[in-house]
Amino acid sequence: MKIRRVVTGTGPDGKAVVMSDGPAPRAGAFETVPGFANALLWATEASDTVGAGAPADRTVDVGFVPGAGGTRLMTVVFPPDAVMMRADFDAAAFGAEFAQRVPGLAEKFEPEHPGMHTTDSIDYDIVLDGEITLELDDGVQVPLRRHDVVVQHGNRHAWRNLSDRPATMLFVLVGAPRRS
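Residues numbered from 1 in each chain as written. Predicted model: local features only at pLDDT ≥ 70, side-chain atom pairs only at ≥ 80, totals over all residues. Heavy atoms only, no water.

1. Digging into the pairing of strand S4 (residues 37-44)
Piece 1. Buried residues dominate S4, accounting for eight of its eight residues.
Piece 2. In this structure, strand S3 (residues 26-29) lies alongside S4, joined through four bridges in antiparallel fashion. Paired with Ala-27 across the two strands is Ala-39, which belongs to S4.
Piece 3. Where S4 lies against strand S5 (residues 71-78), seven bridges are found, and the strand directions are antiparallel. Note that in S5 the partner of Thr-44 across the bridge is Thr-71. (Buried < 20%, exposed > 50% of the residue type's maximum accessible area, 1.4 Å probe, protein only. Helix = DSSP H or I, 4+ residues; strand = E, 2+ residues; numbered from the N terminus. Pairing = 2+ DSSP bridges.)

Okay, here's the thing in structure tokens:
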């Protein structure tokens, strides 16, 4: 997955400038699942500010789930689920690679219910291309197509690509405290 990331900010003279322009530093394809790819494009913390000076590029050393008041911007390409149903699929190898490539989020997944996870965040999920199904508790499934948007409030869910083509999504996670 190759994604160009342009970061702008405010220069010392108070004018808008390009601070960086290049490939997203945490983007790539998975080796264990053909067609699966992700990229962490930007991350903020609650303490971040705007104005003069270069914005802090936190993407190189943060987890994929923000703390309260923080954000994460990421893309994911989901191959068809059939890829993970093949006889040669190595679930242990995928799990290890997922934990290494997507720290902070990988730990949120339920081993006894593949794909199901819950994060302490409000998520804006946009289907950029393809079709994907949002699965909620008790097997409720919501089919989604290009340009559909889901707003989630820290609820348990999974993404299922029941089609025969990849699906590309953009996710914005906004960290929020969990109310009991």
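That was the structure; now back to the text.
2. Considering the nonpolar core
Piece 1. Counting residues in each nonpolar core, the largest one holds 27 residues, and the members touching the most others are Phe-36, Phe-78, Ile-132, Trp-159 and Phe-171.
Piece 2. Mapped onto this core, the elements with two or more residues apiece are S4, S5, helix H1 (91-101), strand S7 (131-135) and strand S11 (167-175).
Piece 3. Among the elements that make up this core, the one with the highest residue count is S11 (four residues).
Piece 4. Apart from the residues within four sequence positions on either side, Phe-36 is in contact with Ala-29, Phe-30, Val-76, Val-77, Phe-78, Pro-79, Phe-94 and Phe-98. (Core = buried A, V, L, I, M, F, W, Y, C linked by side-chain atoms within 4.5 Å. Contact = heavy atoms within 4.5 Å.)

3. Describing the sheet that holds S4
Piece 1. In spatial order, the strands read S3-S4-S5-S11-S6-S9; together these six strands make up an open sheet with antiparallel pairing. In this open sheet, the two strands that pair with only one neighbour each are S3 and strand S9 (149-153). The sheet shows a mean angle of 15 degrees between the axes of neighbouring strands, direction not considered.
Piece 2. Against the sheet, H1 engages S3 and S4, with an angle of about 160 degrees to S3. (Axes fitted to C-alpha atoms, helices over the stretch in contact; angles between N-to-C directions.)

4. A look at H1
The α-helix winds at 3.6 residues per turn, so residues separated by three or four positions along the chain end up facing the same way.
Piece 1. Taken together, the buried positions of H1 are occupied by Phe-94, Glu-97 and Phe-98. The buried residues of H1 occupy one face: seen down the axis, they fall within an arc of 100 degrees. Residues of H1 that are exposed and angled more than 90 degrees away from the buried face: Ala-92, Ala-96 and Gln-100.
Piece 2. Buried residues along H1 sit in contact with S3.
Piece 3. The N-capping residue of H1, defined by a side-chain oxygen 3.2 Å from the backbone nitrogen of Ala-92, is Asp-90. (Arc of directions from axis to C-beta. Polar contact = N/O pair within 3.5 Å; in protein donor to acceptor, adjacent residues only side chain to side chain.)

5. Points about the environment of Phe-89
Piece 1. Mapped onto the secondary structure, Phe-89 falls in the loop between S5 and H1.
Piece 2. Ignoring anything within four residues of it in the chain, the contact list for Phe-89 reads Thr-32, Val-33, Val-83, Met-84 and Phe-94.

6. Here's the deal with unusual backbone geometry
Piece 1. Even without being glycine, Asp-138 reaches a positive phi, approximately 60 degrees.
Piece 2. Asp-138 gets classed as exposed once you look at its relative accessible area, which sits at 82%.
Piece 3. Its identity as a non-glycine residue notwithstanding, His-147 has a phi of 75 degrees, on the positive side.
Piece 4. Tracing the backbone shows His-147 in the loop between strand S8 (141-145) and S9.

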